Amino acid sequence: MSRAKIIFLFSLLFAMVVSGQNKQLIYGLDEVPQNLLLNPGGVPQGRAYIGVPGLSGLHLNAGSSGFSLYDVAASDGQLPATRISSLIQSLDDKDFVTTTVQLGLIDVGWRKDDETFFSAGLYQEFDLIAYFPKDWATLAWYGNANYLDYPFKFEHISARADVLSVFHFGINKKINRKWHVGGRLKLYNSLVSVNSLGNTGSFTTRLANNGDSQNIYAQELSGAAVSIQTSGLSRFEGNVTQSDVLNTGILGGDLGLGIDVGATYQHDDSWRFSASLLDIGAIAHGSDVKTYQASGDYNLEGIQLEFPNLSQGQTAPPYYAIFENEVEAAVPIDTLYSSYTQWRPVKLNASATYAFGPSAPGAVACNCGGKGDPYKLESEVGIQIYAIKRPKAIQTAISLFYVRRLLRQLTVKSTWTMDALSYANLGLALVGDLGPINVYLAGDHLLRYGNLAKARGASIQLGINVKLERR
Amino acid sequence: MKYSFVKIIGLLALILSFGSCVKDTDFDQFQDTLLTPIVDLNLVFWEVEAIRFEDPSGSLPSLIVRDTTEIRFLDDSDTQDSMVRADFLFEFENTTPTSYALTMDFISLSGNVTYSLQTTVPAGDPASPEFYDYLKEVVAPEINQVTQANRLAISAEPLGSISNQGRLTMRSKARFYLEISGQ
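Reading guide: rules and limits
- Residues numbered from 1 in each chain as written.
- Chains lettered and ligands numbered in written order.
- Predicted model: local features only at pLDDT ≥ 70, side-chain atom pairs only at ≥ 80, totals over all residues.
- Helix = DSSP H or I, 4+ residues; strand = E, 2+ residues; numbered from the N terminus.
- Buried ≥ 20, exposed ≤ 12 C-beta atoms within 10 Å, placed from the backbone.
- Contact = placed C-beta atoms within 7 Å.
- Pairing = 2+ DSSP bridges.
- Axes fitted to C-alpha atoms, helices over the stretch in contact; angles between N-to-C directions.
- Core = buried A, V, L, I, M, F, W, Y, C linked by C-beta atoms within 7 Å.
- pLDDT = per-residue confidence, 0-100.

## Side note on the overall build of chain B
No. 1: When helices and strands are counted, chain B shows three helices and 10 strands.
No. 2: Order of helices (α) and strands (β) in chain B, N terminus to C terminus: α-β-β-β-α-β-β-β-β-α-β-β-β.
No. 3: Taken across its 183 residues, chain B has 31% of its residues classed as buried.
No. 4: A sequence separation of at least 24 residues applies to 83% of the contacts in chain B between residues at least 6 apart.

Okay, here's the thing in structure tokens:
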């Protein structure tokens, strides 16, 4: 492959990158038990682990691809209207805001034998992605007067939010000293889901031409098909008790199934490659489903007066009501109760790691015979790729990382991630074992930590586990 | 060793907890922020044959024709709060040899005329239509009179002798200048 092609492919990758649910700081870190949630084919350590309920894995992530809080609300003396106008001009309908919260409630893992490791648990997740509705923000901000002939497109309205709990059970199998493979079965329990995706059609104002309107403008709603799908909303209306929430959170929502698969290939003591595919599955939304849908075509000409001959006491026709009825007939707004299926946002992780330096603190001094488990070295560098299927595109992120095992109980991983939020996202993770207590703490966008308002994203992960070492 | 580890973890936790902040921002400024959209909308349109101005009983030289429609959004409280200017454009085509006095009355729910526009459409000819535009820009304080109304009544009165040939047509639009505060 020519250098130009390589540069082109990398440029393409960098142009599309984004973080979202990326957990680049934890992926590939064998010292963190929750690494198995990112790659069921990872290399589990120890005999067993149990996460501290509610604290085994907390992940908070928020970001936007096109702007920071500072861009919106800087106290720089500039008029906010000027700043927002500039933002509306610069953003496009592929820009988005995203928020993810994952909370591990139950997390356990245990070794069956030298080759087999089981893991299971329950976590809750809130995930939101909302694309910038460029055309409609433009219409709201500027109006249509200076946008004659411009079609304001409904496809710019695109958002999805889910609250769900996930029960999971995974098996990790060591095939030989080079290969670990694994899979995880997931039972999704959707508490609330709201989305508005796949909208089509447009609204255009143009001067009447060729008889397409009897008035000055032809204001045309063309091929409009806009919908909002919801499930589970009414479960939380009225008097909702804690037990209602608990029951729904356990198995009272809409159910779905999914799988994770992954593998790790240890080429030699230095080179390791891994990959995983997560959340290949779907949720069948069948109960408490409401879909609000508006579709049709309409040319808004205004109100046509007829100047009828009226006798004494007669009133003019109800033109406005007639006009409203016409609009409602042409673009009916329906509420549907039919079930629908929604795919989970599938995610891909992959990495290539090169280990070097002396043996890791506490590890065996050498793997002289070339047999047994791979040699654990003090330092690692590598590259990771992350991708997630989002409503408008597959979004990717790329990370370069450096891992250093500083002490017998302490591992540090630093990452430089390039994504749609930032090309200079530095992250740091610390993992330590205090006896059987395993603690990890990770955060990224560290360069912006002094003033998060200027960061386009922020992510924190932390967890506490109790680990039992192998006998 | 363990002590060092605890110190490092503790330091990072402290940084994450207290070291981060959101500064150089002012969210109160949005209380004064104005969206200032300019919205163009078709208004009413009509066509009246010249013969319509004749009095069938013959007792009057001509008739004044009048019709009324609701414009419900005009006196909506949001509209009242946000509309700062309205430009009304009325486009006439007259193919009758008669000129007409046109009155556009904005009428409130209680039936009072809150604002009124008058213009005269010049006479035309069936073979040579008269095209006449009437533009009225309404700003404060008159704009508040417009937004007190929820009906628009249009009347046309022939000026001089009438003909039974040709027709009078009107098209109209409104350009609304809105200012929407962040409060």
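## Observations regarding the overall build of chain A
No. 1: When you go through chain A residue by residue, the secondary structure sums to seven helices and 22 strands.
No. 2: For chain A, restricting intrachain contacts to residue pairs at least 6 apart in sequence, the fraction spanning at least 24 positions comes to 70%.

## Section: the sheet that holds strand E7 (residues 130–139) of chain B
No. 1: The sheet built from five strands is open, its strands ordered E13(A)-E2(B)-E9(B)-E4(B)-E7(B) with mixed pairing. Each edge of the sheet is formed by a strand with only one pairing partner; in this case those strands are strand E13 (303–305) of chain A together with E7 of chain B. Each neighbouring strand pair of the sheet contributes to a mean axis angle of 15°, computed without reference to strand direction.
No. 2: Bridge count for strand E2 (residues 38–49) of chain B against strand E9 (residues 167–178) of chain B is 10 bridges, and the pairing is antiparallel. Across the sheet, asparagine 42 of chain B pairs through a bridge with lysine 173 of chain B, a residue of E9 of chain B.

## Considerations on the nonpolar core
Generally speaking, soluble globular proteins have nonpolar side chains that are buried together.
No. 1: Grouped together as the largest cluster of nonpolar side chains are 38 residues, with contacts concentrated most on Val44, Ala86 and Val146 of chain B.
No. 2: Sorting elements by how many residues they give to this core places E9 of chain B first, with six residues.
No. 3: If near-sequence neighbours (up to four positions away) are discounted, valine 44 of chain B is found in contact with Gly302, Ile303 and Leu305 of chain A together with Thr69, Leu152, Ile154 and Ser172 of chain B.
No. 4: In terms of nonpolar packing, the next biggest core, distinct from the first, is built from 17 residues, Leu25, Ile26, Leu37 and Ala442 of chain A among them.

## So, the sheet that holds strand E8 (residues 151–159) of chain B
Paired through their backbone hydrogen bonds, the strands of a sheet run either parallel or antiparallel.
Residues and elements named next belong to chain B.
No. 1: Read from one edge of the open sheet, four strands run E3-E8-E5-E6, paired in antiparallel fashion. Among the strands making up the open sheet, the edge pair consists of strand E3 (65–70) and strand E6 (113–121). Averaged over neighbouring strand pairs, the angle between their axes works out to 15° when direction is ignored.

## Observations concerning the environment of alanine 355 of chain A
All names here are of chain A.
No. 1: Positionally, alanine 355 belongs in strand E16 (residues 347–359).
No. 2: Sequence spacing of alanine 355 and tryptophan 271 is 84 residues, and the spatial spacing of their C-alpha atoms is 6.4 Å.
No. 3: Residue contacts for alanine 355: discarding those within four places in its chain leaves Asp269, Ser270, Leu377, Ser379 and Glu380.

## A word on the environment of glutamine 214 of chain A
No. 1: Tracing the backbone through its elements, the reader meets glutamine 214 of chain A in the loop between strand E8 (200–207) and strand E9 (217–231).
No. 2: Note: C-alpha distance between glutamine 214 of chain A and glycine 382 of chain A (168 residues apart in sequence) is 67 Å.
No. 3: Setting aside residues no more than four positions away along its own chain, glutamine 214 of chain A makes contact with Glu301 and Gln304 of chain A together with Phe45 of chain B.

## Examining the confidence of the model for chain A
No. 1: When pLDDT is averaged along chain A, the result is 87; 91% of the residues meet or exceed 70.
No. 2: For residues 1–19 of chain A, every residue scores under 50 in pLDDT, and the model assigns this stretch 26 contacts once sequence neighbours within four places are set aside.

## Observations concerning the pairing of E2 of chain B
No. 1: By the bridge criterion, three bridges tie E13 of chain A to E2 of chain B in an arrangement that is parallel. Paired with glutamine 304 of chain A across the strands is phenylalanine 45 of chain B, a residue of E2 of chain B.

## With respect to the pairing of strand E5 (residues 99–107) of chain B
All names here are of chain B.
No. 1: Pairing of E5 with E8, which is carried by nine bridges, proceeds in the antiparallel orientation. Its bridge partner lying in E8, threonine 103 is registered against serine 155.
No. 2: As judged from the eight bridges shared by E5 and E6, these two strands associate in the antiparallel manner. Its bridge partner being in E6, aspartate 105 is matched across the sheet by serine 116.
No. 3: Between E5 and E6, which pair antiparallel and follow one another directly, the connecting turn spans five residues, one of which, glycine 111, has a positive phi of 95°.

## Here's the deal with unusual backbone geometry
Of all residues except glycine, most have a negative phi; of all peptide bonds, most are trans.
No. 1: For the peptide bond that leads from alanine 140 of chain B to proline 141 of chain B, omega is 5°, which places it in the cis range.
No. 2: Positionally, proline 141 of chain B belongs in the loop between E7 and helix H3 (142–146).
No. 3: Although it is not a glycine, aspartate 279 of chain A adopts a positive phi angle of roughly 60°.
No. 4: Aspartate 279 of chain A sits in the buried class, given 21 other C-beta atoms within 10 Å.

## Examining the environment of tyrosine 147 of chain A
Residues and elements named next belong to chain A.
No. 1: Take tyrosine 147: it is sitting in the loop between helix H5 (134–142) and strand E5 (152–153).
No. 2: The exposure class assigned to tyrosine 147 is partly exposed, which follows from the 18 C-beta atoms found within 10 Å.
No. 3: Tyrosine 147 sits 216 residues away from alanine 363 along the chain, and the two C-alpha atoms are 68 Å apart.

## A closer look at the confidence of the model for chain B
No. 1: Taken as a whole, chain B shows an average pLDDT of 86; of its residues, 85% reach a score of 70 or greater.
No. 2: In the model output, the complex is listed with pTM 0.86 alongside ipTM 0.86.

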